[in-house]
Amino acid sequence: MPILMDADRIGRTLTRIAHEILERNRGVDELALVGIRTRGVTIAKRLAAAILEINHHEVPTGALDITMYRDDLMRHAVGPQPLIRKTEIPFSIDDKRILLVDDVLYTGRTIRAALDALIDFGRPRAIQLVVLVDRGHRELPIKADYVGKNVPTSPSQSVQVHLTEIDGRDEVEIRES
Amino acid sequence: MKRLLKGGRVVDPANGRDGVFDVLVDGDRIARVGRDLPVEDGVAVIEIPGGLVVCPGLIDMHVHLREPGQEHKETVATGTAAAVAGGFTAVACMPNTAPVNDHAGVTEYILKKAAEANLARVYPIGAVSRGQQGEQLADIAELKRAGCVAVTDDGRPVATALLMRRALEYTSMFDMPVIEHCEEQTLKGDGVAHEGFQASALGLRGIPGQAESIMALRDIALAELTGGAVHIAHMSARQTLDAVRWGKSRGARVTCEVTPHHFVLTDEMLAGPVAYDTNVKMNPPLRETADRDAMLAGLKDGSVDVIATDHAPHHYDEKQVEFDRAPFGITGLETAVSLCFDRLVHAGVLSLSRLVELLSVNPARLLRLPGGSLSEGAPADISILAPDLPVTVDAAAMKSKSKNTPFGGWTLRGGVAATMVGGRVVYANDRIEMG
Amino acid sequence: MRKDLLSIGDLTRDDIYLILDTADAMREVGERTIKKVPTLRGKTVVNLFYEPSTRTRTSFEIAEKRLSADTLNVAVAVSSVQKGETLVDTALNIEAMAPDMIVIRHSSSGAGHLLSRVCKSRIINAGDGMHEHPTQALLDAFTIRGHKKRIEGLKIAIVGDLLHSRVLRSNILLLTALGADVWVCGPATLVPPGIARLGVHVTTSVDEAVADADVVMMLRIQHERMQGAFFPSVREYFQTFGMTRERLARARPDVIIMHPGPMNRGVEIASDVADGPYSVILEQVANGVAVRMAVLYLLAGGPEAD
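Values in this document were obtained by computation on a predicted structure and should not be read as measured data.

### Looking at the overall build of chain B
For chain B, the helix and strand inventory stands at 13 helices and 19 strands. For chain B, the C-alpha radius of gyration of 21 Å lies close to 22 Å, the compact-globule estimate for 435 residues. When its C-alpha atoms are laid out on the principal axes, chain B stretches across 65 × 50 × 40 Å. For chain B, buried positions account for 62% of its 435 residues. Partitioning the contacts of chain B with sequence separation of at least 6, the portion at a separation of at least 24 is 75%. Summed over its atoms, the accessible surface of chain B is roughly 15,000 Å², and 50% of this surface lies on carbon and sulfur atoms. Positive and negative charge centroids in chain B, built from 43 and 55 side chains respectively, lie 2 Å apart.

Following this line, the structure appears as structure tokens:
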């Protein structure tokens, strides 16, 4: 199982992204991070920590569960419902520049659902997309603004992101399904 | 027309017989019973296959034929067809028709319909009180003359102790029993199931066993007072059985009957396999295991006199409603014999001889009917039963107009081979070859 | 989870926890400005209420609308029943409009079971006669868990007309499944025979039931019960079984008071208790929406693959 990114690489990539965010966004005050559950939240928190270190500014961070907005929910005839986790966005998103964070960008449907959810929460000034890995094969016109690593894949493969806070180690691996 | 039923196992407790005998039928009478009877000219021989039982015709003394007035549920014709398919040569039918059988006109109507159907014999039971309203006695002497063999207000108890006393005194003149549906009405209230854990868990209003036994005790005391005869219908509670034993020990003229569903099922059926199945709703209700087991013990030790079905057909639409709203009752004519064989004889609870007493000898005796034995000169009412026939209960195939039975799909061991009334074969099971 | 929710008895412990955890997530939707998610968009839910109900029906309706479902309210007027249309016929007629779910409240125990046999739609029991009220018990458990962080090991007293209460039966099944120590209390005339078999302590003494209780749940007393000679008068009922400040003092200091509603003030519960600091009665109502959203969401998916 080939390792795409090891712990060191992940760390440096996230630091690089944090710098990019600060570079492209004048006015840190308007920024807010919203991670898509589950691993997007971890990455968002790490980015908040990185920005804090660089800029000494605390960017508000929230967690978004998009299960209820999925477009494939009621189409399954078999199987139990996917588990819903809590959405926690303890700040108003009105007029903010939201940095939407996810671990892997693939078909784009998750992001589409996340956009629908965010718009129900308020009216942000802008939404930018941060992903650790972009593996291609978009089914919707969605583009990431900040990408950790572009990885060409085939549909038979899957990209697994492991993060210490959840999985005990930092690693991105690619597997044959 | 002479027929010789050859080689069957004849079970005739009234004459002390249980063995392989031949039975010669001449016209509508039994001519002779003996071993290896000679075959004369002009006698049609019917070879009874091995393992089959030949016994006096079974008599169901508690059947609702629903005619006149409720022909959508059953008619005399369909009810008697169900009876003979169930191995019964005679039924006694209940008076809670519309109009009530409280005068000769209705009795004669029922008998006319029975004659037209020409299947099982029908012995009407008349009402105790006019309209079964519990106020005035019905014209019981007239009912007797018209052909009634007993009286009852079944569906309800006789309304007051005074009226029950009068009924017992009056009927004793005609040598008829009062058949009683024992139920203390205020305790029953709007109950729909046996008062116990099952009803509590399912949220159904309960009817305690004592609602039945309190009334039985009343009636037994009155039977003692008057010297009249009371027959307790569809007994279900162990407290009632205790009362019957007490009454009998004191010499009161009390007898009782139990239905197959009360010695087979319990209130656990309310919870499953079909929760709130209205085909499990009847009055008196299915009770706890202790009550069911008490009924079995009573059948075994002789405290119980009769098995009767309380065949209560109801139309599908009437039963396809919420449990509370469904009418009480299930059919029974076409499942009785199989249940008796499977759960009593094969289960080792009763001998075949005792079963025939419960289903034929005793009902005939209690209602003073010709029948209950294969004596020479007796009417040729004969049931030919197949104790080992595997039967799967199929409600859709039943002759009864109504299909409200909880036994659908049950596999039982024992069934009916043929039924003969007055020397005529009125039912023959096409699964069994008989020469 | 099965196709229908008819009884708490049909749920495993895992099912119960799944519903409570999902309700947690659903509660957050009610805290947003736009209280809506598209989850049940395009699904049709029929609320078939044969008994009048403000609380439960409104709760279900709000839950359905928050999930973007289309709701149909069929309030069966007494006259329809008098015209003779059977429950089965009404349900089959509604089925012809292809609903995905039918929420039924009916005065006969087992009404939901009958519909479940006859209809293809998923059936949610919103209260059937004296039998069960599953979503009420779920929201009660959700409320308790919100305050006490757990259900296991709590002493929970349920006081009132036990015999006729569907809320009681559902709560007994759910709370015992989650390991609570359940005490039920009411006049001897209103104790269902054999109820101890469900794993509860039974007492006719309120003091015994309430002693050191973590949760006290009061059940409604209906005035009609005086007709059935269940108790002599409302006055005597309140004196013997009513929840007052004095009685409540025997419970633990952090006790919570619950009531499924609607309350009879001065009959089963004194006003100062109902409105007092220990009461979570209004919270129960708020939680009802979240819990019902969870149930609707979880039942709307396909049947569980066996």
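### Examining the pattern of salt bridges
Going through the model one piece at a time under the given rule, you end up with 54 salt bridges over all chains. Measuring nitrogen to oxygen at the nearest pair gives 2.8 Å for the salt bridge that ties A:Arg109 to A:Glu139. Of this pair, A:Arg109 sits in helix α3 (residues 109-121) while A:Glu139 is found in the loop between β5 (126-134) and β6 (146-150), placing the two residues 30 residues apart along the sequence. Relative accessible area serves as the criterion here: at 48%, A:Glu139 is assigned to the partly exposed category. Across the pair C:Arg247 and C:Asp207 runs a salt bridge, and its minimum N-O distance is 4.0 Å. With C:Arg247 in helix α10 (residues 245-248) and C:Asp207 in helix α8 (residues 206-210), this pair connects stretches of sequence that are 40 residues apart.

### Digging into the packing of aromatic side chains
Applying the stated criterion across every chain, the model contains four aromatic pairs over all chains. Note on B:Phe407 and B:Trp410: the rings are 5.0 Å apart at their centroids and 90 degrees apart in plane angle, and the pair reads as edge-to-face. Take B:Trp410: its relative accessible area is 22%, and that puts it in the partly exposed class. Note on C:Tyr237 and C:Phe241: the rings are 5.4 Å apart at their centroids and 25 degrees apart in plane angle, and the pair reads as stacked. Of the two residues, C:Tyr237 and C:Phe241 are both situated in helix α9 (residues 234-241); the distance of four residues between them amounts to about one turn of the helix. No difference in accessibility class separates C:Tyr237 from C:Phe241, as the two residues are buried. If you follow B:Lys281 out to its NZ or CZ, it ends over the ring of B:Phe323, 5.5 Å from the centre.

### Considering the pairing of strand β4 (residues 122-128) of chain C
All names here are of chain C. Along β4, seven of the seven residues are buried, which leaves the element largely enclosed by surrounding structure. Where strand β3 (residues 101-106) lies against β4, five bridges are found, and the strand directions are parallel. Within the sheet, the bridge partner assigned to isoleucine 104 lies in β4 and is asparagine 125. In this fold, β3 hands off to helix α5 (residues 111-118), which returns the chain to β4; that crossover is right-handed.

### Concerning the packing of helix α4 (residues 87-95) of chain C against α5(C)
Residues and elements named next belong to chain C. Where α4 contacts α5, the axes come no closer than 10 Å and their chain directions differ by 50 degrees. Between α4 and α5, the angle is such that the two are oblique. Regarding α4 and α5, the two cross each other, and that crossing is right-handed. From α4, Leu87, Val88, Ala91, Leu92 and Glu95 reach across to α5, where they touch Ala111, Leu114, Leu115 and Val118. Residue classes in the contact of α4 with α5 are distributed as eight nonpolar, no polar and one charged.

### What about the pairing of strand β8 (residues 215-218) of chain C?
Residue and element names in this part refer to chain C. Residues of β8 alternate between two faces, with Val215 and Met217 on one and Val216 and Met218 on the opposite face, all of them buried. As judged from the four bridges shared by strand β5 (residues 155-159) and β8, these two strands associate in the parallel manner. Bridge assignment links valine 159 to a residue of β8, and that residue is methionine 218. Sheet topology note: the β8/strand β9 (residues 256-258) ladder contains three bridges and is parallel. Bridge pairing in β9 places valine 215 opposite isoleucine 256.

### Notes on the sheet that holds β9(C)
Residues and elements named next belong to chain C. Pairing in this open sheet of five strands is parallel, and the strands run β7-β6-β5-β8-β9 from one edge to the other. Edge positions in the sheet fall to β7 (201-203) and β9, since each of these pairs with one other strand and no more. Taking each pair of neighbouring strands and ignoring which way they run, the sheet shows an average axis angle of 20 degrees. Strands in contact with helix α7 (residues 166-177) are β5, β6 (181-185) and β8; relative to β6, the strand with the most contacts, it is inclined by about 160 degrees.

### Focus on unusual backbone geometry
Of note, the bond from B:Glu67 into B:Pro68 is cis; its omega dihedral lies within 30 degrees of zero at 5 degrees. Residue position: B:Pro68 is located in the loop between β6 (58-63) and α1 (76-85). For the peptide bond that leads from C:Gly261 to C:Pro262, omega is -10 degrees, which places it in the cis range. Notably, B:Arg66 is not glycine yet its phi reads approximately 65 degrees, a positive angle.

### Brief notes about the confidence of the model for chain C
Across chain C, the average pLDDT comes to 92, with 95% of residues at 70 or higher. Both confidence scores are given for the complex: pTM 0.89, ipTM 0.90.

### Some thoughts on the interface of chain C and chain B
Counting from both sides, the interface comprises 24 residues of chain C and, opposite them, 18 residues of chain B. Across the chain C/chain B interface, buried area totals approximately 1,700 Å², and carbon plus sulfur atoms make up 58% of it. The tally of links between chain C and chain B comes to zero salt bridges. Applying the counting rule to chain C against chain B returns seven residue pairs in polar contact (both at pLDDT 80 or more). Ranked by the residues each element gives to the side of chain C that touches chain B, the list is headed by α5(C), at five residues. Classifying every residue of the side of chain C that touches chain B by side-chain character gives nine nonpolar, 10 polar and five charged.

### So, the sheet that holds strand β3 (residues 61-64) of chain A
All names here are of chain A. Taken in spatial order, the five strands of this open sheet run β3-β2-β4-β5-β6, and their pairing is parallel. Every other strand in the sheet has two partners, leaving β3 and β6 as the edge strands with one partner each. The average angle at which neighbouring strand axes cross in this sheet is 25 degrees, direction not considered. Strands β2 (31-36), β3, β4 (97-105) and β5 of the sheet are contacted by α3, whose axis makes an angle of about 155 degrees with β4.

### Regarding the nonpolar core
Within soluble globular proteins, side chains that are nonpolar generally end up buried alongside one another. With 93 residues, the main nonpolar core has B:Leu204, B:Ile232, B:Met235, B:Phe263, B:Ile307, B:Leu344 and B:Leu355 as its most contacted residues. Top contributing element to this core by residue count: helix α12 (residues 336-345) of chain B, with seven residues. Setting aside chain neighbours within four positions, we find B:Ile232 in contact with B:Glu180, B:Cys182, B:Ala216, B:Ile220, B:Thr240, B:Val244, B:Val254, B:Thr255, B:Cys256 and B:Glu257. A:Tyr69, C:Ala25, C:Met101 and C:Leu162 belong to the second largest nonpolar core, which has 88 residues in total.

### Structural notes on helix α1 (residues 13-29) of chain C
With 17 residues, α1(C) ought to run about 24 Å at 1.5 Å a step, and its terminal C-alpha atoms sit 25 Å apart, in line with that. Of all the residues in α1(C), the buried ones are C:Asp15, C:Ile16, C:Ile19, C:Leu20, C:Thr22, C:Ala23, C:Ala25, C:Met26, C:Glu28 and C:Val29. Against α3 of chain A together with α6 (134-148), α7 and α12 (281-300) of chain C lie the buried residues of α1(C).

### Focus: the side chain of B:Thr97
All names here are of chain B. Topologically, threonine 97 is positioned in the loop between β7 (88-93) and α2 (104-117). What makes threonine 97 buried here is its relative accessible area of 8%. Contact partners of threonine 97, with chain neighbours within four places excluded, come to Arg66, Glu67, Pro68 and Val106.

### Description of α2(B)
Residues and elements named next belong to chain B. Compared with the 20 Å implied by 1.5 Å per residue over 14 residues, the 20 Å span of α2 between its first and last C-alpha is a close match. By the burial criterion, the buried members of α2 are Ala104, Val106, Thr107, Ile110 and Ala114. Along α2, the residues classed as buried sweep out an arc of 165 degrees about the axis, all on the same side. Facing away from the buried side of α2 by more than 90 degrees, the exposed set consists of Ala115 and Glu116. Buried-residue contacts for α2 involve α1, β7, β8 (121-124) and α3 (140-146). Once α2 ends, the next one or two residues include asparagine 118, with phi positive near 55 degrees.

The rules behind each value
Residues numbered from 1 in each chain as written. Chains lettered and ligands numbered in written order. Predicted model: local features only at pLDDT ≥ 70, side-chain atom pairs only at ≥ 80, totals over all residues. Heavy atoms only, no water. Helix = DSSP H or I, 4+ residues; strand = E, 2+ residues; numbered from the N terminus. Rg over C-alpha atoms; globule rule 2.2 N^0.38 Å. Buried < 20%, exposed > 50% of the residue type's maximum accessible area, 1.4 Å probe, protein only. Contact = heavy atoms within 4.5 Å. Areas by Shrake-Rupley, 256 points an atom, 1.4 Å probe, with all protein chains shown as cover. Lys, Arg positive; Asp, Glu negative; His and termini not counted. Charge placed at Lys NZ, Arg CZ, Asp CG, Glu CD. Salt bridge = Lys/Arg side-chain N within 4 Å of Asp/Glu carboxyl O. Phe/Tyr/Trp six-rings, centres within 6.5 Å; stacked < 30°, edge-to-face > 60°. Lys NZ or Arg CZ within 6 Å of the ring centre and 35° of its normal. Pairing = 2+ DSSP bridges. Right-handed = clockwise from strand over helix to strand, strands pointing away. Axes fitted to C-alpha atoms, helices over the stretch in contact; angles between N-to-C directions. Parallel < 35°, antiparallel > 145°, perpendicular 65-115°, else oblique. Left-handed = near helix turned anticlockwise from the far one by under 90°. Nonpolar A, V, L, I, M, F, W, Y, C, P; charged D, E, K, R; others polar. pLDDT = per-residue confidence, 0-100. Buried area = accessible area lost by both parts, 1.4 Å probe. Polar contact = N/O pair within 3.5 Å; in protein donor to acceptor, adjacent residues only side chain to side chain. Core = buried A, V, L, I, M, F, W, Y, C linked by side-chain atoms within 4.5 Å. Expected span 1.5 Å × (residues − 1). Arc of directions from axis to C-beta.

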